[in-house]
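Summary of the model geometry
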Amino acid sequence: MKTSAAILSLLLASSSGPCIWDSDTLADELRGLPDGLRLLTGRWHRHSADYYAARVAKLPAQLDEHDGELAAYDDLAVAHERLGDRDAALRVMDRKRKALDALAEGASEAMATALREHRYRELANRGTFLAHAGRFDEAIESLEAALALNPAAHFGRERWQIEAIRYVAACRRDPSLWTTHDFLSFANVLSDAGGAPVTGRSSYTAQRLPQARVVAWDELHTAVVGMLRFGGLEGAELYRTLGDLHLAKQDLHLAWWAYGVALERGHAARESIEAARQAIVEHWKEAVVHNRRKLAIPTDDEFRRVRASAARWLAEFHRLEREALARGADVASDAVLKDLLARADAAV
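Below is a short write-up of the structure.

Re the overall build of the protein
- From N to C terminus, the protein includes 17 helices and two strands.
- Burial analysis of the protein (348 residues in total) assigns 50% to the buried set.
- Taking contacts inside the protein between residues at least 6 apart in sequence as the whole, the part at least 24 apart equals 69%.
- For the protein, the accessible area works out to roughly 16,200 Å², and carbon and sulfur atoms hold 53% of it.

Digging into the environment of Arg86
- Secondary-structure assignment places Arg86 in helix α6 (residues 86–104).
- For the pair Arg86 and Phe129, spaced 43 residues apart in sequence, the C-alpha to C-alpha distance is 6.4 Å.
- Dropping the residues within four chain positions of it, Arg86 is found in contact with Glu81, Phe129, His132, Ala133 and Leu233.
- In this structure the side chain of Arg86 is engaged in a polar contact, spanning 3.0 Å, whose partner is the side chain of Glu81.

Re the packing of helix α16 (residues 300–326) against helix α17 (residues 334–347)
- At a closest axis distance of 9 Å, the pairing of α16 and α17 adopts a crossing angle of 135°. The pairing of α16 with α17 is recorded here as oblique in orientation. Here the hand of the crossing between α16 and α17 comes out right-handed. On α17, the residues touching Trp313, Glu316, Phe317, Leu320, Glu321, Glu323 and Ala324 of α16 are Leu337, Leu340, Leu341, Arg343, Ala344, Asp345 and Ala347.
- Grouping the amino acids of the contact of α16 with α17 by side-chain chemistry returns nine nonpolar, no polar and five charged.

What to know about unusual backbone geometry
- The residue Asn188 is not glycine, and still its phi comes out positive at about 60°.
- Structurally, the position occupied by Asn188 is in the loop between α11 (183–186) and β1 (189–191).
- A relative accessible area of 16% means that Asn188 is categorised as buried.
- Despite not being glycine, Gln250 has its phi angle at roughly 65°, a positive value.

Details of helix α7 (residues 109–132)
- With 24 residues, α7 extends 35 Å between its outermost C-alpha atoms, agreeing within 8% with the 34 Å of an ideal straight helix rising 1.5 Å per residue.
- Most of α7 is tucked away, with 18 of its 24 residues classed as buried.
- One or two residues past the end of α7 sits Gly134, with phi positive at roughly 80°.

Here we look at the pattern of salt bridges
- If you walk through the whole model with that rule in mind, you get 25 salt bridges.
- For Arg95, the salt bridge goes to Asp64, with nearest N and O atoms at 3.7 Å. Note that Arg95 is positioned in helix α6 and Asp64 in helix α4 (residues 49–65), a separation of 31 residues in sequence.
- With a closest N to O distance of 3.6 Å, Arg343 and Asp339 form a salt bridge. Residue Arg343 and its partner Asp339 are located together in helix α17, separated by four residues, close to a single helical turn.
- Through salt bridges with shared partners, a single ionic network connects Asp94, Arg97, Glu122 and Arg126.

A few points about the environment of Ala248
- On the secondary structure map, Ala248 appears in helix α13 (residues 236–248).
- Under the relative-accessibility criterion, Ala248 is labelled buried at 12%.
- When the C-alpha atoms of Ala248 and Trp217 are compared, they prove to be 9.1 Å apart, with 31 residues separating the residues in sequence.
- When residues no more than four places from it in sequence are discounted, the contact partners of Ala248 are Ser191, Ala193 and Gly194.

Topic: the packing of aromatic side chains
- Here the structure, examined in full by the defined rule, presents seven aromatic pairs.
- With 6.1 Å between their ring centres and 85° between their planes, Trp256 and Phe303 make a pair best called edge-to-face. On the criterion of sequence distance, the pair formed by Trp256 in helix α14 (residues 252–264) and Phe303 in helix α16 is long-range, its members being 47 residues apart. Each of the two residues, Trp256 as well as Phe303, counts as buried.
- Clustering of aromatic rings is evident, with ring pairs tying together Tyr167, Trp178 and Phe186.
- Here the guanidinium or amino end of Arg277 rests over the ring plane of Trp256, the centre of that ring lying 3.9 Å away.

Describing the nonpolar core
- Of all hydrophobic cores here, the largest spans 43 residues; its most connected members are Trp160, Phe183, Val224, Leu242 and Ile280.
- At the level of elements, α3 (36–41), α9 (157–173), α10 (177–180), α11, α12 (217–230), α13, α14 and α15 (270–291) are the ones that each hand at least two residues to this core.
- Looking at this core element by element, the count peaks at nine residues for α14.
- Ignoring any residue separated from it by four or fewer positions in sequence, one finds Trp160 in contact with Phe183, Leu184, Val189, Val215, Glu219, Leu220, Ala223 and Met227.
- Residues Leu70, Ala72, Leu90 and Leu143 belong to the second largest nonpolar core, which totals 28 residues.

Thresholds, definitions, all that
- Residues numbered from 1 in each chain as written.
- Predicted model: local features only at pLDDT ≥ 70, side-chain atom pairs only at ≥ 80, totals over all residues.
- Heavy atoms only, no water.
- Helix = DSSP H or I, 4+ residues; strand = E, 2+ residues; numbered from the N terminus.
- Buried < 20%, exposed > 50% of the residue type's maximum accessible area, 1.4 Å probe, protein only.
- Contact = heavy atoms within 4.5 Å.
- Areas by Shrake-Rupley, 256 points an atom, 1.4 Å probe, with all protein chains shown as cover.
- Polar contact = N/O pair within 3.5 Å; in protein donor to acceptor, adjacent residues only side chain to side chain.
- Axes fitted to C-alpha atoms, helices over the stretch in contact; angles between N-to-C directions.
- Parallel < 35°, antiparallel > 145°, perpendicular 65-115°, else oblique.
- Left-handed = near helix turned anticlockwise from the far one by under 90°.
- Nonpolar A, V, L, I, M, F, W, Y, C, P; charged D, E, K, R; others polar.
- Expected span 1.5 Å × (residues − 1).
- Salt bridge = Lys/Arg side-chain N within 4 Å of Asp/Glu carboxyl O.
- Phe/Tyr/Trp six-rings, centres within 6.5 Å; stacked < 30°, edge-to-face > 60°.
- Lys NZ or Arg CZ within 6 Å of the ring centre and 35° of its normal.
- Core = buried A, V, L, I, M, F, W, Y, C linked by side-chain atoms within 4.5 Å.

Structure representation (structure tokens):
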């Protein structure tokens, strides 16, 4: 077991955290969220299964020897989650909670502050794992407790993650809600970009209540993109909501692409999303006639080609990452990651 001073140094050096947290997340946040083009085409990096399998192989022994290395619990739990073993991920969070309780006894003020951050991470990770497992009530309870500890969570993800979970849970009880709302309209939230799309069609049909909360478009967009990038699952509802946000701002190409990804990922509101997407195409066709100028209108074939190319790119990145792991390279470092991404770009 490390000394209290050593543990405190470790805790303070790694303080921060979003809705799903491991030691890669802060570095990835500092690198920035993927831009709209990369996010919607799918050409943005995600670590391979081999990367997480290496952590699962290494970290248990490290924790057995140094059970006060709290960040290692997050790394191990997230690795299990990425590999689809949610029960194992939750068991690791149980171990972290016990370690936190033990360290809290007689902790100094400085250590108590650092431990509070790690309690936030444990609750945030636990809530995300539970949500992915469909245990929505437990997930909301854990995420609300995380927010109580850290109301200024990164990108506002936990706040909006809770709203998304409530919506999905409600849709499980009443599937008609998939076509009458997206998760923001279900929460009675309106972006400050407005709600009337230029095409006259959005992906849902509900009228918002007159008491709708108006929230900055940038906050909503950043939260949705952040959940897609860091939440662990590229959910169809998040892509549908991203399309609605872009449509509200009249970013028609980005809306069309986002709706396409939502359909590709099997969103339950297929008919209404297809209608909204087709309304964008009809608007473009009318613009061509009205303005007497040729307009490049994307097609479904182009969409499929681009998405397939992005899938090949990601497969190539994963191949290169596996090779680098076999060489013992630190594939999470900026220098190695930059090289791997550049080589994947050159290959595909």
